[in-house]
Amino acid sequence: MKPAVRYATLALAVAATLGLSACRIEQPNPAPNGAVQKEDTGGSAKGDFGPPVGEPIQAVLTSPPLVPPATGRSQPAKVIVSLDVVEKDMEISEGVSYTFWTFGGTVPGSFIRVRQGDTVEFHLRNMPDSKMPHNIDLHGVTGPGGGAAASFTAPGHVSRFTFKALNAGLYVYHCATAPVGMHIANGMYGLILVEPPEGLPPVDREYYVMQGDFYTTGKYREKGHQGFDMNKAIDEHPTYVLFNGMEGSMTGDKALKAKTGEKVRLYVGNGGPNLVSSFHVIGEIFDKVWYEGGTKFQENVQTTLIPAGGAAMMDFHMEVPGSYVLVDHSIFRAFNKGALAILQAEGKERKDIYSGKEVDAVYLGDQVAGTSRAPVSVAAASAKAGTLTKEEQIAAGKVVFAGTCSTCHGADGKGMEGVFPPLANSDYIKANPKRVPEIILHGLVGPVKVNGKDYNSNMPPMSQLTDDEVANISTYVLNSWGNPGGQISKADAAAARAAKPANASEGH
Ligand SMILES: [Cu+2]
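Undergrad: Go over the overall build of the chain, please, and point to the residues and values.
TA: Counting its secondary structure elements, the chain contains twelve helices and 23 strands. Relative to its 508 residues, the chain shows a buried fraction of 50%. A sequence separation of at least 24 residues applies to 70% of the contacts in the chain between residues at least 6 apart. When the accessible surface of the chain is split by element, carbon and sulfur atoms take 56% of a total near 22300 Å².

Undergrad: Got a sec to walk through the nonpolar core? Specific residues and values, please.
TA: The biggest cluster of nonpolar side chains holds 29 residues, and the ones touching the most others in it are Phe 401, Ile 429, Ile 440, Leu 465, Val 470, Ile 473 and Val 477. Only helix 6 (374-385), helix 7 (390-404), helix 10 (435-442), strand 22 (444-450), strand 23 (453-459), helix 11 (467-478) and helix 12 (490-498) provide two or more residues apiece to this core. Looking at this core, the element that brings in the most residues is helix 11, giving six residues. Leaving out residues up to four positions away in the same chain, Ile 429 has contacts with Leu 423, Val 436, Val 477, Leu 478 and Asn 483.

Undergrad: Give me the lowdown on the coordination of the copper ion, citing residues and values where you can.
TA: Donor atoms from the polypeptide that coordinate the copper ion comprise His 134 (ND1), Cys 175 (SG), His 183 (ND1) and Met 188 (SD), at 2.0 to 2.4 Å from the metal. The coordination sphere of the copper ion comprises four donor atoms, whose angles at the metal cover 87 to 137°; the geometry is irregular. One chain supplies every donor to the copper ion, and in sequence these donors are spaced H-x40-C-x7-H-x4-M. For the pair Cys 175 and His 183, one class covers both residues: buried.

Undergrad: Provide a residue-level description of the confidence of the model for the chain, including the pertinent values.
TA: In the predicted model, the chain carries a mean pLDDT of 89, and the fraction of residues at 70 or more is 88%. The model gives residues 34-38 a pLDDT under 50, and that stretch makes three contacts with residues more than four places away or in other chains.

Undergrad: Let's hear about the packing of aromatic side chains: which residues, and what values?
TA: Here the distance between the centres and the angle between the planes together describe a pair of aromatic rings. On inspection of all chains with the given rule, the structure shows 16 aromatic pairs. Ring centres of Tyr 98 and Phe 214 lie 6.5 Å apart, and the angle between their planes is 80°; on these two criteria the pair is classed as edge-to-face. Of this pair, Tyr 98 sits in strand 3 (residues 96-103) while Phe 214 sits in strand 10 (residues 205-214), placing them 116 residues apart in sequence. For Phe 214, a relative accessible area of 0% corresponds to the buried category.

Undergrad: Which residues make up the pairing of strand 15 (residues 277-282), and what values go with them?
TA: The buried fraction of strand 15 amounts to six of the six residues, a majority that puts the element mostly inside the structure. Of the two faces of strand 15, the one lined by Ser 277, Phe 279 and Val 281 and the one lined by Ser 278, His 280 and Ile 282 are each fully buried. The sheet contact formed by strand 15 and strand 18 (residues 303-306) spans four bridges and is antiparallel. What sits directly across from Ser 278, in strand 18, is Leu 305. Here strand 15 runs beside strand 20 (residues 322-328); their pairing, made up of four bridges, is antiparallel. When the sheet's bridge partners are listed, Phe 279 is paired in strand 20 with Asp 328.

Undergrad: Outline unusual backbone geometry, listing residues and values.
TA: The linkage connecting Pro 64 with the following residue, Pro 65, adopts the cis geometry, with an omega of 5°. Counting through the fold element by element, Pro 65 comes out in the loop between strand 1 (57-58) and strand 2 (78-93). Between Val 107 and Pro 108 the backbone carries a cis peptide bond, its omega angle lying at -5°. Structurally, Pro 108 is set in the loop between strand 3 and strand 4 (112-115). Here the phi dihedral of Glu 292 falls at roughly 60°; this positive angle occurs in a residue that is not glycine. Looking at the element boundaries, Glu 292 is found in the loop between strand 16 (286-290) and strand 17 (298-301). Glu 292 gets classed as exposed once you look at its relative accessible area, which sits at 60%. In this model, Asn 300 sits at a positive phi of 60°, which is unusual for a non-glycine residue. Mapping Asn 300 onto the fold places it in strand 17.

Undergrad: Tell me about the packing of helix 10 against helix 12, and name the residues and values.
TA: Running from amino to carboxyl end, helix 10 crosses helix 12 at an angle of 50°, the nearest separation of the two axes being 9 Å. By the criterion of interaxial angle, the relationship of helix 10 to helix 12 is oblique. Where helix 10 crosses over helix 12, the two elements pack in a sense that is right-handed. Taking contact as the criterion, the partners of Pro 437, Glu 438, Leu 441 and His 442 in helix 10 are, on helix 12, Ala 493, Ala 496 and Arg 497. Grouping the amino acids of the contact of helix 10 with helix 12 by side-chain chemistry returns four nonpolar, one polar and two charged.

Undergrad: How would you sum up the environment of Gly 485? Please name residues and give values.
TA: You can see Gly 485 is positioned in the loop between helix 11 and helix 12. Taking relative accessible area as the criterion, Gly 485 reaches 18% and is therefore assigned buried. Along the primary structure Gly 485 and Pro 433 are separated by 52 residues, whereas in three dimensions their C-alpha atoms are 8.6 Å apart. Those residues within four positions of Gly 485 in sequence are excluded, and the remaining contacts are Leu 478 and Asn 479.

Undergrad: Break down the sheet that holds strand 19 (residues 310-317) for me, with residues and values.
TA: Pairing in this open sheet of six strands is mixed, and the strands run 12-10-14-19-16-17 from one edge to the other. Looking at strand neighbours, the two that pair on one side only are strand 12 (240-243) and strand 17, the edges of this open sheet. Taken pair by pair, the neighbouring strands of this sheet meet at an average axis angle of 25°, ignoring direction. Bridging between strand 14 (residues 263-272) and strand 19 involves eight bridges; their strand directions are antiparallel. Each residue of the ladder has a partner; that of Val 268, found in strand 19, is Ala 312.

Conventions used here
- Residues numbered from 1 in each chain as written.
- Predicted model: local features only at pLDDT ≥ 70, side-chain atom pairs only at ≥ 80, totals over all residues.
- Heavy atoms only, no water.
- Helix = DSSP H or I, 4+ residues; strand = E, 2+ residues; numbered from the N terminus.
- Buried < 20%, exposed > 50% of the residue type's maximum accessible area, 1.4 Å probe, protein only.
- Contact = heavy atoms within 4.5 Å.
- Areas by Shrake-Rupley, 256 points an atom, 1.4 Å probe, with all protein chains shown as cover.
- Core = buried A, V, L, I, M, F, W, Y, C linked by side-chain atoms within 4.5 Å.
- Donors = N, O, S within 2.8 Å, 3.2 Å for Na, K, Ca; no water.
- Tetrahedral: all angles 85-135°; square planar, octahedral: opposite > 155°, others 65-115°.
- pLDDT = per-residue confidence, 0-100.
- Phe/Tyr/Trp six-rings, centres within 6.5 Å; stacked < 30°, edge-to-face > 60°.
- Pairing = 2+ DSSP bridges.
- Axes fitted to C-alpha atoms, helices over the stretch in contact; angles between N-to-C directions.
- Parallel < 35°, antiparallel > 145°, perpendicular 65-115°, else oblique.
- Left-handed = near helix turned anticlockwise from the far one by under 90°.
- Nonpolar A, V, L, I, M, F, W, Y, C, P; charged D, E, K, R; others polar.

Below you can see the structure in the form of structure tokens.
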């Protein structure tokens, strides 16, 4: 189901089963114990701290990118949160699996929503098939360790502790079992929202997005199962920087949805373990940012900084339909490590605000909404089984070409006269097809003649591509647009990587 639909269904189901009102209660709310509120210093001095009222409530938890409905309560309650720790293999990128450690079976973990003054009874269950003990440190807890010591849980056990949510705000929670960095790097973090007593201003849609950095033994997009690389993590050299634990978790069919005229709120966390996020939505301006997840908001913000172990909420109004790209504006992370998601807005054009000519490809490369990366997985699986065919290589190569080469050489391989030489029907390629993987890996600089036209420019090396990717792109190029055909293997690509061609480019 689409997130929006699921959200609505969930909200209805909750309202029905718990008898909750879907609307927010606006009235100011005197403390039920008759205590006079202290002066408005904010924080834990301001709130609704009477004893819990009514029957205990089971908290509604949601998987990303969904957010539980507003508590809709005007009084503090006892809220029971039951969270399971699950260790499981999931895709971190197309055709790449990783053993994640999760809160609730997802990365980030389930979203928890309570109200300031609530008494939260927390049940942490570590599944019997887990290999590690785990615990939880919630930044919204006042007390040593944020719950860590109280919640230490061996596989097959359950722990329980209780805390009072004294401060409103959007808080990160994470595992704090040694080695802490490793537990966080494996995906053990999530968000808990403590609503202020009066609730948050209503919006049309709310989404849950959380950034994390990941350290795999293999290269970016290297296929197969990848282990955790402790040394890369210590050096803070992530292989992946991701939103919601998987490259493409919110692109294509899984893009976040909105309609023009709607107000959207994002709850964005950063689990780290290492990087600070420069969170930005390409093509939008945040009307409000509750920076650092706190009580005050800033207005008219382009990019907001989200520290590791921190969060922010942001509201914006959708005016113009199209794709909006969520990125970490430390931009190599977006286009070369995966920190990219799409918010797709539907609605009537607003030529008075934006003239149009929308080209997703300019920004998205192979992440263009709707482009399937499936052929890449198919080829990877066949390569592993030793059954890789030329056709599978061509199909996979086409996908990677679209994201890597087509910006310059064009999707049709025709290039741009005088600037980017054609790959279509290229006499340069024909003269020595084996050079294609070398050119990809080492670039090309200096004068070349292609189909009678002179070029004297600089193609940057693309050594970040894996040998499989180079083999597949080369095979695709050789078998397209009237080129001579042939096949480049992974071993050919490895040999090309080791070569030192005379006119290699140092890049720009
Ligand atoms: Cu853990």
